[in-house]
Amino acid sequence: MPWKVRFRDRDFNGDEHWDRAFEFEVREAMTDTRELPGSAEIIFHAKDEDLIDDVTFHESSDPDAFPFHGIHGYHPELGEVFIFSGVPDDGEEQLIALYSARDFGDPPYNDERFTGDGS
């Protein structure tokens, strides 16, 4: 289920439920793709297990500081795309994607955009 979020002072749709086959298709179609330097931490704040309340992003220039590593590029349908993958503390590999297209897939469930900083 996608959500609206603010990242690097821009608006994106976020999704943590892409399957690996779709991720591969997206990566293959992306242009101007580059690996992001450093690492990121992405924390989901939730009142219950099913509904995210907000999302916090922390980035570091140190590639070992946080569990997520990412790529950035452009996709013909998704617009600007960030794909983060990593193994956070719970030990299960995660894939989190941010994309700028507004009219792609399911609509985001949150009415008010998450600030991206947990506030």
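What comes next is a walk through the structure. (Residues numbered from 1 in each chain as written. Predicted model: local features only at pLDDT ≥ 70, side-chain atom pairs only at ≥ 80, totals over all residues. Heavy atoms only, no water.)

1. Observations regarding the overall build of the protein
For the record, the criterion: We count a stretch as a helix when DSSP gives it H or I for four or more residues in a row; a strand needs E for two or more, and each element gets its number in order from the N terminus. When we talk radius of gyration, it's over C-alpha atoms, and the globule rule is simply 2.2 Å times the number of residues to the 0.38. Type-normalised accessible area, obtained with a 1.4 Å probe on protein chains alone, sets the label of each residue: buried when under 20%, exposed when over 50%, and partly exposed for intermediate values.
Check the secondary structure of the protein and you find 1 helix and 8 strands. Secondary structure of the protein in N-to-C order comes out as β-β-α-β-β-β-β-β-β. By the compact-globule yardstick of 14 Å for 119 residues, the protein fits well, its C-alpha radius of gyration being 14 Å. Overall, the protein is about 35 × 35 × 25 Å in size when its C-alpha atoms are taken along their principal axes. Put simply, the protein has 119 residues, and 39% of those count as buried.

2. Points about the environment of Val-55
Residue position: Val-55 is located in strand E5 (residues 51-60). Owing to a relative accessible area of 0%, Val-55 belongs among the buried residues under this scheme. Residues Val-55 and Phe-114, 59 residues apart in the sequence, show an inter-C-alpha distance of 6.5 Å.

3. Re the layout of surface pockets
Where we set the bar: For each structure, a 1 Å grid was placed over the protein atoms alone; sets of points admitting a 1.4 Å probe that cannot get out are labelled cavities, open sets with protein on both sides within 12 Å along at least five of seven lines are labelled pockets, and lining residues have an atom within 4 Å of a point. Grid points are joined across faces, edges and corners, and a volume is the space filled by probe spheres set on the points.
Looking at the largest pocket, its volume works out to about 420 Å³. Lining the largest pocket are 20 residues; nearest its centre among them are Glu-16, Ile-42, Ile-43, Phe-44 and Gln-94. At the level of secondary structure, the elements contributing two or more residues to the lining of the largest pocket comprise strand E4 (39-48) and E5. Counting residues per element, the lining of the largest pocket draws most heavily on E4, which supplies 6 residues.

4. Describing the pattern of salt bridges
Just so we agree on the cut-off: When a carboxyl oxygen of Asp or Glu lies within 4 Å of a side-chain nitrogen of Lys or Arg, that pair is called a salt bridge.
One pass over the structure, following the stated rule, counts 6 salt bridges. Arg-10 is paired through a salt bridge with Glu-80; the nearest N and O atoms lie 2.7 Å apart. One end of the pair, Arg-10, is in strand E2 (residues 10-15); the other, Glu-80, is in strand E7 (residues 79-86), with 70 residues separating them in the sequence. Overlapping salt bridges bring together Arg-20, Glu-23, Arg-27 and Glu-93 as one network.

5. Considerations on the packing of aromatic side chains
Where we set the bar: Only rings of Phe, Tyr and Trp enter the pairing, Trp through its six-membered ring, and a pair is recorded when the two centres are within 6.5 Å. The plane angle decides the type: under 30 degrees is stacked, over 60 is edge-to-face, the rest tilted.
On inspection of all chains with the given rule, the structure shows 10 aromatic pairs. With a centroid separation of 5.7 Å and 75 degrees between ring planes, the pair formed by Trp-3 and Phe-44 is classed as edge-to-face. Of the two residues, Trp-3 sits in strand E1 (residues 3-7) while Phe-44 sits in strand E4, which places them 41 residues apart along the sequence. What makes Phe-44 partly exposed here is its relative accessible area of 22%. Plain terms: the ring middles of Phe-12 and Phe-82 are 5.5 Å apart, the flat faces sit at 85 degrees to each other, and that makes the pair edge-to-face. Placement of the pair is Phe-12 in strand E2 and Phe-82 in strand E7, with a sequence separation of 70 residues. On the basis of relative accessible area, Phe-12 is assigned to the buried category, the value being 0%.

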